[in-house]
Amino acid sequence: MKKILLATSALFLVTSASAYAEEFDVTIVAGHPPIFIWVKNLTETFIPEVNAALDGTGYSINWNEAYGGSLAKVGGENDAVASGIAQIAYNPTLFNPALFPLQNIAYVAPFSSNDPRLTTKIVEGLQEEFPAMKAAWEDNEQVYLGGGFAIDSYQIFTNFPIEKLTDLQGRKICAPGPAVNWVKGTGAVPVSSSLSEYYNSIQTGICEGAINFATAAAPGGLAEVAPYMTIVDFGAPYAAALSANIDFYSELPDEVKAALHKGAEAYSAAVFADQDDTIETAYVKIRADGGNVSKLDEVERAKWVSVLPNVPLEWATQQDKAGLPGTELLTAFMEALREAGQNPPRAWEKE
């Protein structure tokens, strides 16, 4: 009888331990390759931080990293996670303005702030204030994990010099997502594209330049085909965040959910730190690749700002008609910029 009790107790302990120790299979997706800091830090920061947070909880994650278009192309990460093909995504909301219209407010209103941290703080603050912004994640079968970040200020890279605004006349310029609106009214022809396509597009003549930022242009070798980098400072817009499939997330233990959010927070901080560390070396690399870096004359920049149609207000009106707080959000965004000490050259919400 004693032996039976001991055996039963041992079996109970083993069974309890097995039930408590659980491994989750997670595929994390990004359309861009790991040469870019927002993908590199998935491997170097997010995953290790999540694993560390799970240490001692009895839970673990078996990671499958699918980057560089191996599972989803740039902009397709959202669909991959929404459908359950992947469980977690680096989700570049800028490439899905129809699905995440309000998250794209900083892309809609250019020439706002060149401070990535400030833009992120403002947009994430607005996301807490406006329920419609949070609802966008749920509407796409996802949960917002955090890890939001804005990129360093956008400039323009071309295979021809730009000294005055008229130099853009008739030129085909590639731009990402809503940034195609930044060349409207300048005489240039906007071409919707993404940074993973810029090099080949310029090399093959699809476009003659691209709106890009230094920390992406440098690793992509963009100056090899577009040696004229003109500093315009369109702004540092909020670009992406980490998200999880809503069904997958809802079934996770609280310890695992907490670990994912903690990892996302560390990820965002790491991306910003990498921006700080690499921005100067990015300019060195651009020049080493044959880049000629110059700053657009302030008078010509002011002309650029003034010739743009008021797309932000048009966008806000469209959102209002769709039942979203477009005008209210645009106003709140512009006011938040001014309260933070920024001085946008146009009052988009008032014109």
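Residues numbered from 1 in each chain as written. Predicted model: local features only at pLDDT ≥ 70, side-chain atom pairs only at ≥ 80, totals over all residues. Heavy atoms only, no water.

Describe the nonpolar core, with residues and values.
Counting residues in hydrophobic clusters, the biggest one holds 109 residues, and the most contacted among them are Trp38, Leu42, Phe46, Trp63, Ile88, Trp304 and Phe333. For this core, the leading source of residues is helix α10 (residues 254-288), giving 10 residues. In this view, Ile88 contacts Val26, Thr27, Ile28, Val29, Phe46, Trp63, Val81, Leu145, Ser243, Ala244, Phe248 and Leu260; residues no more than four positions away in its chain are not counted. With 6 residues, the next largest nonpolar core counts Ala72, Ala80, Val81 and Ala86 among its residues. (Core = buried A, V, L, I, M, F, W, Y, C linked by side-chain atoms within 4.5 Å. Buried < 20%, exposed > 50% of the residue type's maximum accessible area, 1.4 Å probe, protein only. Helix = DSSP H or I, 4+ residues; strand = E, 2+ residues; numbered from the N terminus. Contact = heavy atoms within 4.5 Å.)

Can you lay out unusual backbone geometry for me, pointing to particular residues and giving the numbers?
In terms of backbone geometry, most residues other than glycine have negative phi values and most peptide bonds are trans. In the Ramachandran plot, Phe111 falls in the positive-phi region, its phi being about 55° despite a non-glycine side chain. Within the secondary structure layout, Phe111 lies in the loop between α4 (105-108) and α5 (116-129). Within the chain, Asp233 stands out as a residue other than glycine whose phi angle is a positive 60°. Tracing the backbone shows Asp233 in the loop between β9 (228-231) and β10 (238-245).

Give me the sheet that holds β10: which residues, what numbers.
The mixed open sheet is built from 5 strands, whose spatial order is β2-β1-β3-β10-β4. The sheet is open, and its two borders are formed by β2 (59-66) and β4 (142-150), each paired with just one other strand. Averaged over all neighbouring strand pairs, the angle between strand axes comes to 20°, with direction disregarded. Of the strand pairs in this sheet, strand β3 (residues 88-91) and β10 are connected by 4 bridges, and their pairing is antiparallel. For Asn91, the partnering residue across the bridge sits in β10 and is Ala241. Running over the sheet, helix α2 (residues 37-54) touches β1 (22-29), β2, β3, β4 and β10 and is turned about 170° from β2. Those strands touched by α10 are β1, β2, β3, β4 and β10, and its axis lies near 15° from that of β4. (Pairing = 2+ DSSP bridges. Axes fitted to C-alpha atoms, helices over the stretch in contact; angles between N-to-C directions.)

Can you lay out the sheet that holds β9 for me, pointing to particular residues and giving the numbers?
Sheet architecture is open: 6 strands sit in the order β7-β6-β8-β5-β9-β11, paired in mixed fashion. The open sheet is flanked by β7 (189-193) and β11 (292-295), the only strands paired with a single partner. Strand after strand, the sheet turns through a mean of 30° between neighbouring axes, direction not considered. Pairing of strand β6 (residues 172-176) with strand β8 (residues 209-213) involves 2 bridges; the strand directions are parallel. For Cys174, the partnering residue across the bridge sits in β8 and is Ala210.

Tell me about a negative patch on the surface, and name the residues and values.
Residues Glu138, Asp139, Glu141, Asp247 and Glu251 make up a contiguous surface patch of negative charge. On the basis of relative accessible area, Glu251 is assigned to the exposed category, the value being 68%. (Patch = residues over 30% accessible without salt bridge, like charges linked within 9 Å, V, L, I, M, F, W, Y side chains within 5 Å. Areas by Shrake-Rupley, 256 points an atom, 1.4 Å probe, with all protein chains shown as cover. Salt bridge = Lys/Arg side-chain N within 4 Å of Asp/Glu carboxyl O. Lys, Arg positive; Asp, Glu negative; His and termini not counted. Charge placed at Lys NZ, Arg CZ, Asp CG, Glu CD.)

Nothing here speaks to function; it is all geometry.
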